[in-house]
Every structure is written in C-alpha cells, then in structure tokens.
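The chain contents come next:
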Amino acid sequence: MDARPMKESRTIQTKLVLPPDTNHMNSIFGGKVLAYIDEIAGITAMKHARRQVVVTASIDSVDFLSSARVGDVLELEANVTSTGRTSMEVYVRVKSKNLQTGEEKLTTESFLTMVAMGDDGKPTPVPPVLPESEGEKRFFETAPARREHRKMRVKTPR
C-alpha cells in the first residue's frame, strides 16, 4: 500500500459558538468541543484511509487551554500524523476567534486514535502516512513516543 501525503488528510471546520452550546458562564461546554473534535478526527481518518467507516479507539489527550464564548468562531484543523496497521493517530487543534476584536487564541489540542473498519466490521489495513513539511515531520517523528505512552496507559491496572 502506497504512503499518502499527510496534507491529503487535512480537514478544516468552522463552528459558531451559540448560547445552547454554553454553560452559565457563557463559555462553551467541554463536551461540545469534544464532540467537534471526535467528528473532525473521524472525517480526517476517513479521508486518509479512504474508508466510509472508522471508529474512535481512544482520545489520547485533550488539553483545554482557554475557553470560547458565545459569538466566537471555532476553527478546527486536523491531520493524520501517524499510522499503525489499521489505526491512525489524528491531531486536532482548535482555535477560537472573536470576530469583533479579531483576537485569536488556541483553545484545545487533542490526539485521537482512529481505526479503519472493513466491510466485514473488522479492522482493516490503512496506508502509511508521508510527512513532507518540517511541521509534519516533527509530528511524525514524535509519534512513536505517544504510541508508547498509549501502550503504557492501557497496561495500567484497573
């Protein structure tokens, strides 16, 4: 299976923060942001795998760095940063923008693991990812450490 350039999986979504999406402080619910992250990660993984069905295996990390408020615009951007045999690591970055002031801030960063599913409902192989830019290469080169961290987390006694 030929490697696919990382940029081919790049996905961008824009969302408006509305009152029903927010808590009593008028800032967006973390769960709403997580839903947006899961959705864009799924689309990104589908683009890379060229499969109709992918599933979320894990949300490896979510860092809420700042909040977004009613009226802000969220810009989500995602890429497949690494692949296993049937899995894909997806990085999602969420920025908020106040359209009145022009202020932008990084609100959330997350890594997810998505698995491509075959027509038989079982995991199916995905092509490797090919990083090209310096930023893409940094994500790709640091992926093995994140994969090891995931493995250690799974081995933790419950």
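The structure under discussion appears in the preceding block.
The paragraphs below set out a description of the structure included in this document.

The rules behind each value
Residue numbers restart at each chain and count upward from 1, following the sequence in its written direction. Totals for whole chains, interfaces and linings use every residue, but because this is a predicted model, local features are given only for residues with pLDDT of at least 70 and side-chain atom pairs only at 80 or more, for both listing and counting. Side-chain measures were taken over the full set of non-hydrogen atoms in the model, leaving aside hydrogen atoms and water. The rule is short: rings of Phe, Tyr and Trp, with Trp giving its six-membered ring, pair when the centres are within 6.5 Å, and they are stacked under 30 degrees, edge-to-face over 60, tilted in between. A run of H or I in DSSP becomes a helix once it reaches four residues, and a run of E becomes a strand once it reaches two; helices and strands are each numbered from the N terminus. Under the scheme applied here, a residue whose accessible area is under 20% of the maximum for its type counts as buried, over 50% as exposed, and between as partly exposed, the area being computed with a 1.4 Å probe on protein chains only. Nine residue types can take part in a nonpolar core, namely buried Ala, Val, Leu, Ile, Met, Phe, Trp, Tyr and Cys, and a core is a set of them joined through side-chain atoms within 4.5 Å. Contacts between residues were defined by any pair of non-hydrogen atoms, one from each residue, lying within 4.5 Å. Two strands make a pair as long as DSSP finds a minimum of two bridges between them. Each axis is a line fitted through C-alpha atoms, and for a helix only the stretch in contact is used; angles between axes span 0 to 180 degrees, taken between their N-to-C directions. Expected span of a helix, by definition, is 1.5 Å for each gap between consecutive residues, and there is one gap fewer than residues. Residues adjacent in sequence count toward polar contacts only when both atoms are side-chain atoms; beyond that, a polar contact is any pair of N or O atoms within 3.5 Å, and within protein one must be able to donate a hydrogen and the other to accept it.

## Comments concerning the packing of aromatic side chains
Counted according to the given criterion, the structure contains three aromatic pairs. Measuring from ring centre to ring centre gives 5.1 Å for Tyr91 and Phe111, while their planes differ by 45°; the resulting arrangement is tilted. Here the residue Tyr91 occupies a position in strand β5 (residues 87-97), and Phe111 occupies one in strand β6 (residues 104-116), the gap between them amounting to 20 residues. Judged by relative accessible area, which is 10%, Tyr91 ranks as buried. For Phe111, a relative accessible area of 12% gives the class buried.

## What about the nonpolar core?
In terms of nonpolar packing, the biggest core is built from 25 residues, with Leu74, Leu76, Met88, Val90, Val92 and Met114 touching the most fellow members. When residues of this core are traced back to their parent elements, those giving at least two are α1 (30-49), β4 (73-83), β5 and β6.

## Section: the side chain of Thr107
With respect to the helices, strands and loops of the structure, Thr107 is situated in strand β6. Apart from the residues lying within four places of it in its own chain, the contact partners of Thr107 are Asp63, Phe64, Leu65, Ser66, Ser67, Val94, Lys95 and Ser96.

## Considerations on the sheet that holds strand β2 (residues 11-16)
The antiparallel open sheet is built from five strands, whose spatial order is β2-β4-β5-β6-β3. Two strands lie at the open edges of the sheet, namely β2 and β3 (54-64), each paired on one side alone. Pairwise comparison of adjacent strand axes, ignoring direction, gives a mean angle of 25° for this sheet. As paired elements, β2 and β4 share six bridges and run antiparallel to each other. Bridge pairing in β4 links Ile12 to Glu77. Packed onto the sheet, α1 meets β2, β3, β4, β5 and β6 and runs at close to 45° relative to β4. Strands β3, β4, β5 and β6 of the sheet are contacted by helix α2 (residues 134-155), whose axis makes an angle of about 85° with β4.

## Thoughts on the environment of Ala45
Position of Ala45 among the secondary structure elements: in helix α1. Through-space distance from the C-alpha of Ala45 to that of Arg153 is 23 Å; in sequence the pair is 108 residues apart. Filtering out sequence-adjacent residues up to four positions away, Ala45 remains in contact with Val54, Val80, Met88, Val90 and Met114.

## Focus on α1
Taking 1.5 Å as the rise per residue, α1 with 20 residues should run 28 Å; its terminal C-alpha atoms sit 28 Å apart, in good agreement. Along α1, the residues classified as buried are Val33, Tyr36, Ile37, Ile40, Ala41, Gly42, Thr44, Ala45, His48 and Ala49. Arg50 occupies a position one or two residues after α1 and carries a positive phi of about 55°.

## Remarks on the side chain of Asn79
Mapped onto the secondary structure, Asn79 falls in strand β4. For Asn79, a relative accessible area of 14% gives the class buried. Within the structure, Asn79 has its side chain in polar contact with the backbone oxygen of Met6 (distance 3.2 Å). When residues no more than four places from it in sequence are discounted, the contact partners of Asn79 are Met6, Lys7, Ser9, Arg10, Thr44, Glu89, Val90 and Tyr91.

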